Amino acid sequence: KDFEQIRDRYQGSPEGQKWMVTKYMGEDSHGTNLHYASSLLTVKRLSKFVKGHEIAIVGFFQRDGDLQHRMFSEAVWKLHQEIDRDDIGAGIGAVTAQSPAKKTQAAVPSIVVYLDGKVVEEDGTLVPDKWQPKPIIDFMRQFLPLDSQDATSLASDKAGGKQEL
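Note that the structure is a prediction, hence the values are computed from the model and not measured.

### Things to note about unusual backbone geometry
In this chain, V108 is followed by P109 through a cis amide linkage whose omega measures 0°. Residue position: P109 is located in the loop between α5 (98–104) and β4 (110–115). A positive phi angle is found at Q105, which is not glycine, with a value near 60°. Tracing the backbone shows Q105 in the loop between α5 and β4.

### Considering the pairing of β4
Counting buried residues along β4, five of its six residues qualify, which places the element largely inside the surrounding structure. The sheet contact formed by strand β2 (residues 55–60) and β4 spans six bridges and is antiparallel. Considered in β4, the bridge of G59 is made with I111. In the sheet, β4 pairs with strand β6 (residues 125–126) via two bridges, with the strands oriented antiparallel. Within the sheet, the bridge partner assigned to I111 lies in β6 and is L126. By the bridge criterion, two bridges tie β4 to strand β5 (residues 118–119) in an arrangement that is antiparallel. Residue pairing across strands places Y114 opposite V119, the latter belonging to β5. Linkage of β4 to β5, two consecutive antiparallel strands, is achieved through a turn of two residues, within which D116 is found at a positive phi near 55°.

### Quick look at the nonpolar core
If you look at the biggest cluster of nonpolar residues, it comprises 25 residues, and the most contacted ones within it are I57, F72, I92, I111, I136 and M140. Those elements that provide at least two residues to this core are β2, α4 (67–83), β3 (91–95), β4 and α6 (133–141). If we ignore the near neighbours within four places in the chain, the residues touching I92 are Y36, A37, S38, F49, I57, F72, V76, H80 and M140. Counting 12 residues, the second largest nonpolar core, distinct from the first, contains F49, V50, V58 and Y114.

### Let's talk about the packing of aromatic side chains
Evaluated as defined, the whole model comprises three aromatic pairs. With 5.3 Å between their ring centres and 50° between their planes, F61 and F72 make a pair best called tilted. Remark: F72 occurs in helix α4 and F61 occurs in the loop between β2 and α4; sequence separation between them is 11 residues. For the residue pair F61 and F72, the accessibility class agrees, reading buried in each case. Ring centres of F61 and W131 lie 5.8 Å apart, and the angle between their planes is 65°; this geometry places the pair in the edge-to-face category. Linking F61 in the loop between β2 and α4 with W131 in the loop between β6 and α6, this pair joins segments that are 70 residues apart in sequence. With respect to class, F61 is no different from W131; both count as buried. One aromatic cluster is present, formed by F61, F72 and W131 through successive ring pairs.

Procedures and definitions
Residues numbered from 1 in each chain as written. Predicted model: local features only at pLDDT ≥ 70, side-chain atom pairs only at ≥ 80, totals over all residues. Heavy atoms only, no water. Helix = DSSP H or I, 4+ residues; strand = E, 2+ residues; numbered from the N terminus. Buried < 20%, exposed > 50% of the residue type's maximum accessible area, 1.4 Å probe, protein only. Pairing = 2+ DSSP bridges. Core = buried A, V, L, I, M, F, W, Y, C linked by side-chain atoms within 4.5 Å. Contact = heavy atoms within 4.5 Å. Phe/Tyr/Trp six-rings, centres within 6.5 Å; stacked < 30°, edge-to-face > 60°.

It is worth stressing that arrangement in space is one thing and function is another; only the former is reported here.
This is the structure in structure tokens:
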């Protein structure tokens, strides 16, 4: 039955495989424990997501899989790899539907940071001319609650040194 669902609903695309993994391995219906960035397709899910995280970083995109969305996803993945913790201290989501973007009046494409449910007014929105992972990672990192040990290990890893435990 699941393979019919993947074939008919997703035409065998990787999205169908993602759906099946989420169905069987996810702790909830959205698979928040499996995916680095939550898909926020409705205004209600966006609102719940923003209110449910002290720090929420949300990317707004035209459609799933466009260049900006892929760069955002790559940057989120790299950020998780660099920090190397289960919880990086912020909820990260991606909006690929028009209604949530219109409701929040967010520029598309852009990345918006929410703190305690409200948009960070000063320097809380990124609308780059060129979408590259490095500037996106740098933008997101400035809002993460990293302690000095995390910042030191990140700096030493980038310098090529390894830290002894």
